[in-house]
Each structure stands twice: as C-alpha cells, then as structure tokens.
Amino acid sequence: MKKHLLTILLLCTCVAFGFAQNRVITGKVTDQKDGSPLPGVSVTVKGVTGLGTQTDINGGYKLSVPATAKVLVFNFLGYIPREIAITGAAVNAQLTTDSKVLGEVVVVGYGTQSKRSLTGSVSKIKGGDIENIPVPSLESAIQGRSPGVYIQAQNGKLGQGIQVRVRGASSVSAGSQPLYVVDGLPITVDDFSSNGASTNPLVDLNQNDIESIDILKDASAAAIYGSRASNGVVLVTTKKGKAGSTKITYNQYYGFSKPTHEREFLNSKEYLNLVQSAAVAGGLESYAKTRLIRYAAGNTDYANTSVNTNWQDQITQHAPVQNYNLVFSGGTEKTKFYISGTYNDQKGWILKNQINQYSLRTNIENQANNWLTIGANLSVSRTQNHRLDNDNAFSTPEQIVALSPITPVIDPRTGLLSGQLDPATGLPNSNFPVYFNPLLNSENSYFITTDYRNLGNVFGEIKILPSLTFRSEVGVDILNSTEDNYSGSLTARNSGTNNGVGLNSSVTSINLNTNNFLHFLKDFGKSSIDAVGGMTYQRQQNDLNSLNGEQFPSDAYKKLTSSASITSALSSSTAYSLLSYFARANYKYHDKYLLSLSGRIDGSSRFGADHRYGFFPAGSVGWVVSEESFMKNQKVISDLKIRGSYGLTGNSEIGNFPARGLYSEFGYAGVAGARPTQLPNPGLKWETTAQTDIGLDIAFLGGRLAGQFDVYLKKTKDLLLNVQVPATSGFTTITQNLGKLQNKGLEIQIDSKNLVGKVTWNTSFNISFNRNKITDLKGQVITGSGDAVNRAMEGQPLGVFVAPEFAGADPANGDALYYKNTDLGGGKRDRAKTNDYNQAVPVVVGNPNPKYIAGLNNSVSYMGIDFSFLLQSVNGNQIYNGAGQYMSVGFNNGFDNQTRDQLQAWTKPGQITNVPEARLFGGNGVNPSSRFLDDGSYVRLKNIVLGYNFPKAWISKIKLSSLRVYAQATNLATWTKYKGWDPELNSDAFSGNITQGYDFYAAPQAKTITFGINVGF
C-alpha cells in the first residue's frame, strides 16, 4: 500500500512539475502610431526554436511557453522587431514602423503587401493628398502624382470624360481606360451619354471618402485581374473606422472658378478692316457690304459702329463652388464604423454648366466571434449634371467666338437677344447673326443628366486556421441614369425644329460581382508564404429606353407628353458575364529573397466559342540587397532592392457581341422582318499584352532620400480591329484579331525629406518617358473620328497627325504654300513648294503623345502652418487645332471672327509671313495641314494649399480635438506656347484611341480658388 501511495505521489509530482514548466501568455499587438491592431504578427520565444504563433485579425494572440521563458520576440513586415520581457500572464506590444522600409503597405489584387516585399510596380496615392480638392472627379485630383500615369481632361466642362493612360495606350480600337476597383468591386465606367459628349461615371465617387489609391502598372501587379488589366488597374480603398471613442469631423470649403485662359480675337475695328481687305482680294466687295449690314443688326453705318462685343465674356458666368462633409467614425474592438455624408455644388464657369451632388457612405465591420468577421461598404449618391452640347455643335458655348464683334448682344430692332426673333417675321431668326447664337440655348433649353448610384459590397471572413482565412464578398454597382433635354422654339435655327424638340432617356446598369477566396499566411523559419486563391463572377446588364418628340404647343410645355409628334423610340438591353479563377503566391526567404507567381483564367461571354477562356500568368522576383552582410557596415545606403517581372494581361473592352452574327430589325411595306448586320467570328479572342519590367528601389541616409526606377516593355498582339471585307459579301467589316503595338518607357520617382524637426520640408518628384509604336497593321491605315487628321499606321505612334506640310505664304502673291513631299526613294522627299494643295503628299507632321510627363510636389510645415504645391508638366506633344480652318484663316472660309495672328496676313509682294493673304471665301490655306499644328507642352501649377492647424492646447478649451483653416487653388497658373485656350484637351465630339490632341472649340479648364475649414470633435 505504501508502495502504491509513493508511486501515485511521484506521478502527481511529475505532472505538477510538467505543468509548472509551461504557462499560457496572451496579449495584443498594435501599431504605436494609431493604436490599430496588427494581424499576422509573428510571436516567438527568444532562444526557443519552433515555438510561436501569429496574431489574429484583432491583433490578439495566445501562446503556451516554458516556465523558463524570459522574453517574447515580435516580428512583422514593415515594423521594427521588438523584444519584451515576460513579467506576467499578459504581454502586450506596440510596434513602430521601420523607417528603413521602402514605403508603406500597398493594396494589391485581393489583399495587401508591404512595399518592402513588393516585386511588382505599384504607385500609391494617399487619400489625404487629394481630399478637399475642388475638382469634379478623382482622376483630376491624382494628376501629376504618379509616374507613368497620363491623365488628360477633354475640356473644362463639368462632368466630362477624362482620358487616363497607364504606361501608354495598349490598344488601337478596344478600350484604353484602366480597370477601376473600389473596395474589391470592379465598378461601371461605361459612358451612357446621348449628346455626343462623353460623361464620367467616376464623378459619383466622393474623393473625401478615399483612404488610398493604388495603381497597378506592371503585369506582376495587375495580372491577377487578367483580361481587363492591360490598361492598368486602379484600386480605390475607402476609409474605415478605428477602435476608440467616436470622432466627428466637419469639413467645408467655399470658393469660385474662372477660365484658365481666354483667346484674343479681333475687335470691331480690326474685324472690319480685315474683312473688307479680304473682300477686295476675293472680289466680293458688294456681297460683303450686304452681309456686314446684316451682321451689324441692320446698321448701314457699320463702319462707324460703337458696338464692340467680346462674345467670350458673354458665356462666362459667376461660378461659386461649395462642399460640405460630415463624418462619424470610431467603434470598439469588435465593431468599427465610418459614416460620411457630403453635399457638393459646383457651378462651371461656362454658362448653364453645373454639378449638384449628394452622397452618403457607410462602412462597418464586426468581429462576430473569434473566427468570423463580417462587414459592409456601402454608398449611395445622387448627381445632377446640367450639361452642354458637344464641341461640334453650333450651340456649344465656346463656338460663340465665331460671331462678329459688330453684332450687339441685344438686337436694337427687337430688344431681345440677337438671333432670338426676326423683326420681319416674328419667328426665330435664321440668318442673323453669322451662326446660331449659343446664348439662346441658355435662355431656351436645358440638358440635365441625373444619376442615382448604389455602390457597395458585403463580406464575411472566416478564420479556418491561424494561418488560413476564407473571404466571401458580394458587391453590386447599380446606376440609374436619366437624361432630360428640351430645346425650345428660339433654338429652331440650331435644332431644325420650329416648335421645340425634346428627349428623355433612361439607363439602368446593374453590375453584380462576387469574390470567394482563401488567404494563407505563414512563416516557416526563415521562409514566409503569402498566398491567395479563389474565383470571381461578374455580370453586367444595361437596359436603355429613349424617346424623342417635337412640336410643342409653347415653351411652357417641356415634357414629351405635350409633344405633337414622337419622332423616335428606342428600347434595348445588353449584358455580359465573366467567370474567373485566380491565384497568387508570394514567397520570401530571409527577408531578402522574394518571389511572386500569379495566374488568372478568365471566361468571357464577349469572345468566340473557340476562345471563350484565356490564361494570364505573371511572375516576378526581388532581391533586397541592403539585407546582405556586405551592406551592413556602410551607412549611406539604407535600403536597396532590385526587382524584375514578366507577365501577360488582356483587354476585353470591345462591346458585348463582336464575335457573334447579329441581326437587326428591317420592316418593309408594314411587314416586320430582320436582316443580318454582322458577320460571326467564333475565333475572336482577347488582345494580349506581354510586359517586362525591371525596377530598382533605393533609399539613402535612413530614408531621407529615396528613389524608385522602372524600365518596361509592353508588347500587345492580336489587336481587336474592324477589318474590311469585300462589300460583295453584303458586309463591310468584321472584327478580327489583327496587328501589334508596343510601349516602352522609363519611370522615375524621387522622394526626399529635406528638413525634419520643427520645420519639415518634403519633396516628391516623378517623371516618366513612354514611346508608343504600332508595329503591325497588315498595311492598313486607320483614320481617326470625324475630321481629325489622326492616323493609326505601322511604324508610327498611335494617333500621329498626317496631313500636307504647310510652307507659309508665297512672298510673290500671298498664296498658301505646301511642301510637295513626293517620295524620291532612298528615304528622301521632294522639298519643293507648291500652291496646289492636291500636289502636296500627306506626311506625318506631328505626334499627340508626349515625350515625357512629370510632377513636382513640395510640402512645408512649421508650428501648425502648412504649405504645399504641385507642379504638373506634359512635354513634347503636338495639338491640332481643328477649328483653325474657321478662326485662323483670314476670312478665307467665311465671316467667322478671327484670331489676332491673322493681322499678320500677306498684303504686298515681297512680304515674308506665315499667314497667307486674307481672301473672303477664297479657300486660301484652309485645308487640313500642319498650319494648324501647335506645340502642346505645358507646365501647370496644379494645386497649391496654405493652411493653419490651431494648437491643441487652445482648441481643447472649446472641446475640439482639431481645427484647421486653409486656402487652396487649382490650375492657378499655366505656362505654355500653345495658342489655343488650353493645352490639356481632347475635343469631346471626337472619340476613340486614335483621335488624340484634337482641339475643336474645347473649353479651357477651370481655375478654382477655395477657402475651407476642418473641425474635429
């Protein structure tokens, strides 16, 4: 019995001793700067191999350690490792970001990565850099802030489309805009405009709600988005709440806008002298006299008129800008929320142009238990855009400059706007003034587009294992867009309808997306694996209804129900779907050897049955050289990383049915029928872009000076083009994969901390060079839209200007001269001059693609005062002034008022000038040529801010947590040699990738000055 008792006692002692050897430690790891939890932190016991864990999504951990353990070690990528002594059962840790890290955490497809471990090329823009900037959409706000991203507005009208090119244009005919993804949801960016001028769906996004914008540029970063990534991917992350007391912030600004520039036209005296001289040269003196009396509102003594109308001034309105934003954010460790409401009202400087917007965003996240997290990111908005006609319409405001300065604003014969009524008939005037007066549109028409948009997703994330999570997301982008247009009886000369014309159209676009993927993150000794894999499904359907009516009883009736005749009706529906599977694995060894592999399989309804699915792989490597032992003893270079990548991406932006044989309605003699309208092509497939990127990230002196350098080569093949077929087939074209183009370039980003301490001064500079060239079109030459002289042709950049080369004025007789440029062989051309336009061979005379784009941002702060400015530059591109054949040809094309350079027109033999003789309707030098080509380079002071943050010791007395006042200006100054209104343009009436740098009465950008206040409670 004693022996048994002794045995039991020994066993109990051993068990007790065993338990005494281990104890459980719990704790939480947070960011020292903002207190946010850090998931995925490695927690190990110092001196003990193979014993450790990782923090969960809330930064918490639980670890059983030996009783002899003294110290815990905390490691997390991008943070300084920390060792903390074990003094009890709870050990909490705060980690500090590593100043040696090359940048911060960036958002990538279906996850995040530290910039230090990133092997792809990604540009990051912080939300704080673009909030409260008074521009209509986020693209304008990020202009000049990222290398390799060329952003160009069409004109100064509010809500117009904006062209974005990431590392050059990757397609000739397919879409060229990047893919936009908001909180994991690919959003709708289709243009549903019916008036010929594109609108911008991104106007509906509130930039004050943006936490960050990450632009994926190379294939390694973008290939996980597969068939839609050739033009780059823009990832927008909205703001989220953080644990802690509820924070209330109120932001408000108010200001005004005006045009950045106005062109100079002839005054009345100059106009009369030149037009009379042109009439003599053209043999039309009596005809001109009759016309001038008409344009002077019947004044027979027009030569002595006191009327001197500056028509540009008539279309400029007082343009106030106001924005109000209220935010509630905060929460607990389990539930975090962010609620934002914004009212924005911006009146354009152009008459009748205005945007009015309401938006509400709610982002919420809840830790339901230790294995489930749920949340939602939701926004609703209403945007009303008072729009203008496209640049090619007589009614567009900027075309008012064609009117004669001798024409009064108010017709003295009627006391009404000139052109409103003919005093002889009492009807709208059809021959006075020179053209339809756009001011009549402001009096008697409107075009209002109203968008209601619901954008958001809900998600659930399950923690299967400490290192493995599963996330499911369902998102939807619902856009309801309506257009309401009425042009009354006074606009008959423009509309062609005597008693008013109206339009009402509506589009409902439903874009449904679901993502389901696994995320694995684990350290294995010196190795680390971060992998993601899953599937996604997207379906977008657009439903359109449209009605047109005319003949209204009076201008008091503006809705279609009052029209006497419904002239057309349209109802259509179109949809496409995309099913995808994707995977990415990032491997890191010893914190210095990096490998990333990704792939995506896309199946799209847009392509032929033979190529419904495509595979888009990518791979990249990185070497953190600064972690090598041979770099440890030097103090100059604090970080150095070399990276390289290669991968394939696609382009599927071609419409929904190009691979199918299509039929359309065809009625005859009251009998309904159908006829074929499109040939099928079951072999149609994606455009494919292969991209190689080599990059270098380097930092000196502990990060005081840092640089990022990338060289890349993008080769696109299987271009989606409309290829001509024999008309005897009953068709003219078929969509085929034909042709190749390439982009190659260099990107440089340099950041410096010039001063640190009480006075801080930071500088960021970026510059990028891109060379675009079409390498194969099988001999085709594709023209741009409208009357543009842009072309797509082998061996040349996309959109080059092709036209006869202008040679000035003949000193002997004032004729317009052109270089013959006949091909003499051996690379030589005949440089003889001729006044016969038809003898001049069209040649490449210019390039709309810039040689380089650049941005320079400086920010200085001291004692609560902050000052920053952003300079943006585009250099080496040309602009073709398509309106020059009317406004800059010395009345050779009619009575349009002329630009002041026409005062230099040839007048006598022997005179040397580049301006041919003014001949009324003489056609002397009006044909398309390099005469109308100008240098489009410019430097613009894009943004400048001066602010003051009141000391917390002061504002705490009135129960405020922060208080800032500021003044801000956008587009404050522009330096350019371009003769037109604005060098940042691409006329909204001419669309497509080929037509670039084409100016046709494109209104200039707005110069906006605002004053604001930010209050925190």
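Scroll up a little and you will see the structure.
Before going into details, it helps to say that this report is about the structure given with it. (Residues numbered from 1 in each chain as written. Predicted model: local features only at pLDDT ≥ 70, side-chain atom pairs only at ≥ 80, totals over all residues. Heavy atoms only, no water.)

Turning our eyes to something else, we now look at the overall build of the protein. Of the regular secondary structure elements, the protein holds ten helices and 56 strands. Taken over the C-alpha trace, the protein has a radius of gyration of 33 Å; the compact-globule value for 1017 residues is 31 Å, and the two agree within 12%. Overall size of the protein, expressed as C-alpha extent along the three principal axes, is 140 × 70 × 70 Å. Residues classed as buried in the protein amount to 53% of the 1017 residues present. In the protein, the proportion of contacts linking residues at least 24 apart, taken out of those at least 6 apart, comes to 69%. (Helix = DSSP H or I, 4+ residues; strand = E, 2+ residues; numbered from the N terminus. Rg over C-alpha atoms; globule rule 2.2 N^0.38 Å. Buried < 20%, exposed > 50% of the residue type's maximum accessible area, 1.4 Å probe, protein only. Contact = heavy atoms within 4.5 Å.)

On to unusual backbone geometry, then. Cis geometry marks the peptide bond from F432 to P433; its omega dihedral reads -5°. Its location among the elements puts P433 in the loop between β23 (416-417) and α7 (439-444).

Should the charged atoms of two oppositely charged side chains come close, the side chains can pair. Taken as a whole and judged by the stated rule, the model has 39 salt bridges. D988 is the salt-bridge partner of K157, the closest N and O atoms lying 3.1 Å from each other. Note that K157 is positioned in the loop between β11 (149-153) and β12 (162-166) and D988 in the loop between β54 (962-976) and β55 (998-999), a separation of 831 residues in sequence. When salt bridges with common partners are traced through the structure, they connect R167, K217, K641, R643, D693, D697, D710 and E747 into a single cluster. (Salt bridge = Lys/Arg side-chain N within 4 Å of Asp/Glu carboxyl O.)

What follows is about the environment of K217. In this structure, K217 sits in the loop between β15 (210-216) and α3 (219-222). Residue class for K217 comes out buried when judged on its relative accessible area of 3%. Sequence separation between K217 and I84 is 133 residues; the distance between their C-alpha atoms is 41 Å. Once you skip the residues sitting within four places of it in the chain, K217 turns out to touch S121, S123, S146, P147, V149, V166, R167, Q691 and E747. Polar side-chain contacts of K217 include one of 3.0 Å to the backbone oxygen of P147. In this structure the side chain of K217 is engaged in a polar contact, spanning 2.9 Å, whose partner is the side chain of E747. (Polar contact = N/O pair within 3.5 Å; in protein donor to acceptor, adjacent residues only side chain to side chain.)

So, on to the pairing of β54. The side chains of a regular strand alternate, residue by residue, between the two faces of the sheet. Where strand β53 (residues 938-949) and β54 come together, eleven bridges link them in antiparallel fashion. Bridge assignment links V939 to a residue of β54, and that residue is W975. As paired elements, β54 and strand β56 (residues 1006-1016) share nine bridges and run antiparallel to each other. When the sheet's bridge partners are listed, A969 is paired in β56 with I1009. (Pairing = 2+ DSSP bridges.)

To continue, consider the environment of G922. Relative to the assigned elements, G922 resides in the loop between α9 (884-887) and β52 (933-935). Taking relative accessible area as the criterion, G922 reaches 43% and is therefore assigned partly exposed. Sequence separation of G922 and N892 is 30 residues, and the distance between their C-alpha atoms is 4.8 Å.

On to helix α5 (residues 285-295), then. Buried within α5 are the following residues: A288, L292 and Y295. The arc that holds the buried residues of α5, viewed along the axis, is 65°, so those residues lie on one side. Facing away from the buried surface of α5 by more than 90 degrees, the exposed residues are S286 and T290. Each element contacted by the buried residues of α5 is listed here: α4 (268-282). (Arc of directions from axis to C-beta.)

This part takes up the packing of α4 against α5. At a minimum axis separation of 8 Å, α4 and α5 run at an interaxial angle of 150°. Accordingly, the angle class assigned to the pair α4 and α5 is roughly antiparallel. α4 and α5 meet at a crossing whose hand is right-handed. Residues Y271, L272, V275, Q276, A279 and V280 of α4 lie in contact with α5, whose contacting residues are E285, A288 and L292. Grouping the constituent residues of the contact of α4 with α5 by class yields seven nonpolar, one polar and one charged. (Axes fitted to C-alpha atoms, helices over the stretch in contact; angles between N-to-C directions. Parallel < 35°, antiparallel > 145°, perpendicular 65-115°, else oblique. Left-handed = near helix turned anticlockwise from the far one by under 90°. Nonpolar A, V, L, I, M, F, W, Y, C, P; charged D, E, K, R; others polar.)

With burial as the criterion, each face of strand β42 (residues 800-803) is covered, one bearing V800 and V802 and the other bearing F801 and A803. One ladder, built from two bridges, connects strand β41 (residues 790-793) with β42; its direction is antiparallel. Residue pairing for β42: R791 is matched across the bridge by V800. The antiparallel pairing of β41 with β42 creates a hairpin that spans six residues between the two strands, and G795 there sits at a positive phi of about 80°. Here three bridges tie β42 to strand β48 (residues 843-846), and the two strands are oriented antiparallel to one another. Each residue of the ladder has a partner; that of F801, found in β48, is G846.

What follows deals with the sheet that holds strand β51 (residues 878-881). The sheet built from three strands is open, its strands ordered β52-β51-β55 with mixed pairing. Unpaired on one side and paired on the other, β52 and β55 mark the two borders of the sheet. Pairing analysis gives two bridges linking β51 to β55, with the strands arranged parallel. Along β55, the bridge assignment pairs N881 with D999.

Our next topic: the side chain of N515. Checked against the element boundaries, N515 lands in strand β26 (residues 501-524). Polar side-chain contacts of N515 include one of 3.2 Å to the backbone oxygen of G184. Polar contacts involving the side chain of N515 include one to the side chain of N513, which spans 3.2 Å.

Taking 1.5 Å of rise per residue, the 15 residues of α4 would be expected to cover 21 Å, and the 21 Å separating its terminal C-alpha atoms lies within 8% of that figure. Three or more residues of α4 are buried, namely S268, E270, Y271, L272, L274, V275, A278 and A279. Of the residues one or two after α4, G283 is the one with positive phi, at around 70°. (Expected span 1.5 Å × (residues − 1).)

The next thing to look at is the packing of aromatic side chains. The geometry of an aromatic ring pair is captured by two quantities: the separation of the ring centres and the angle between the planes. By the definition in use, this model includes 32 aromatic pairs. Geometrically, the ring pair formed by F616 and W686 is edge-to-face, given 5.7 Å between the ring centres and 90° between the ring planes. Linking F616 in strand β30 (residues 613-624) with W686 in the loop between β33 (674-678) and β34 (687-700), this pair joins segments that are 70 residues apart in sequence. As far as the burial class goes, F616 and W686 line up, both buried. Here the aromatic rings of Y818 and Y837 are separated by 5.2 Å at their centres, their planes lie at 80°, and the arrangement is edge-to-face. (Phe/Tyr/Trp six-rings, centres within 6.5 Å; stacked < 30°, edge-to-face > 60°.)

On the basis of which strands lie adjacent, the open sheet formed by four strands has the order β3-β2-β5-β6 and antiparallel pairing. Strand pairing shows two members of the sheet lacking a second neighbour, β3 (52-54) and β6 (82-85), which therefore form its edges. Put simply, the sheet's adjacent strands are angled 20° from each other on average, direction ignored. Across three bridges, strand β2 (residues 42-45) lies against β3 in antiparallel orientation. Residue pairing for β3: T44 is matched across the bridge by G52.

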